[in-house]
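# Coordinate inspection notes
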Amino acid sequence: QLQLVEYGGGSVQARASLTLSCAASGRSFSSYAMGWFRQAPGKDREFVAAISWSGGETNYADSVKGRFSIDRDNDRKTVSLQMNSLKPEDTAVYYCAADQVGWPLYRDPKAYEYWGQGTQVTVSS
């Protein structure tokens, strides 16, 4: 079982950068695929990015490809989301999630067993 805590949300201007971090506690973090999702008010939770257990494979939503980058450190049990060139439409609560399958990477939130509490990202124009 994993416990996940997100850090790094905040309010920024458009075109700014922000880095989200997710710290995991529990066993076997390195065997989990990790994902970032987001949910804006009145909308469904949507996939942002995912990384395989080894870090060797990543997957991004088209809306963030080229602007966001996901990475992980299995020794420190952390996963990060570097967000560049932020847009107002990136405003949402961002969630870190873990999928015990590890690979392949899934975009469906239902595939992920463990979730953090979320961190708010607000981008103003």
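Reference entry: report on the structure contained in this document.

Moving on, we get to the state of the cysteines. In the structure shown here, the tally under the stated rule is one disulfide. C22 shares a disulfide with C96; S-S distance 2.1 Å. Because the torsion about its S-S bond is -75 degrees, the bridge between C22 and C96 counts as left-handed. Pair noted here: C22 is in strand β3 (residues 18–26) and C96 is in strand β9 (residues 92–99), with a separation of 74 residues, a long-range link.

On the secondary structure map, S21 appears in strand β3. Considering only alpha carbons, one finds S21 and R72, 51 residues apart in sequence, at a separation of 9.4 Å. Discounting chain neighbours no more than four positions away, the residues touching S21 are V5, E6, Y7, W36, V79 and S80.

Now for the pairing of β3. Pairing analysis gives six bridges linking strand β1 (residues 2–7) to β3, with the strands arranged antiparallel. The residue bridging Y7 from the neighbouring strand is S21, located in β3. Two strands pair when backbone bridges link them, and β3 and strand β8 (residues 78–83) are joined in this way by six bridges, in the antiparallel orientation. From the neighbouring strand, L20 faces β8, where its bridge partner is L81.

Quick look at unusual backbone geometry now. The phi dihedral of S28 is positive, around 65 degrees, even though this residue is not glycine. At K77, a residue that is not glycine, the phi angle is positive and equals roughly 60 degrees. Mapped onto the fold, K77 is located in the loop between β7 (68–73) and β8.

What follows covers the sheet that holds β7. The antiparallel open sheet is built from four strands, whose spatial order is β1-β3-β8-β7. The sheet is open, and its two borders are formed by β1 and β7, each paired with just one other strand. Mean inter-strand twist for the sheet, computed between neighbouring axes without regard to direction, equals 15 degrees.

The final tally for this structure, using the stated rule, is five salt bridges. Put simply, R38 and E46 hold a salt bridge, and the shortest N to O gap is 2.6 Å. Put simply, R38, E46, R67 and D90 are held in one network by salt bridges that share partners.

As a further point, take the nonpolar core. In terms of nonpolar packing, the biggest core is built from 40 residues, with L4, M34, W36, L81, M83 and Y94 touching the most fellow members. Listing elements by their share of this core, those giving two or more residues are β1, β3, β4 (33–39), β5 (46–51), β7, β8, β9 and β11 (119–124). Contact partners of Y94, with chain neighbours within four places excluded, come to E6, L20, W36, F37, R38, V48, F68, L81, M83, G118, T119 and V121.

Let us now look at the side chain of D99. For D99, the position within the fold is in strand β9. For the buried D99, no salt bridge is present, and the opposite-charge side chain at shortest range is R72, 9.6 Å distant. A polar side-chain atom of D99 sits 3.0 Å from the main-chain amide nitrogen of V101. If we skip the residues at most four places from it in the chain, D99 touches Y32, A33, P104, Y106, A111, Y112 and E113.

The rules we used
Residues numbered from 1 in each chain as written. Predicted model: local features only at pLDDT ≥ 70, side-chain atom pairs only at ≥ 80, totals over all residues. Heavy atoms only, no water. Disulfide = S-S within 2.5 Å. Helix = DSSP H or I, 4+ residues; strand = E, 2+ residues; numbered from the N terminus. Contact = heavy atoms within 4.5 Å. Pairing = 2+ DSSP bridges. Axes fitted to C-alpha atoms, helices over the stretch in contact; angles between N-to-C directions. Salt bridge = Lys/Arg side-chain N within 4 Å of Asp/Glu carboxyl O. Core = buried A, V, L, I, M, F, W, Y, C linked by side-chain atoms within 4.5 Å. Buried < 20%, exposed > 50% of the residue type's maximum accessible area, 1.4 Å probe, protein only. Lys, Arg positive; Asp, Glu negative; His and termini not counted. Polar contact = N/O pair within 3.5 Å; in protein donor to acceptor, adjacent residues only side chain to side chain.

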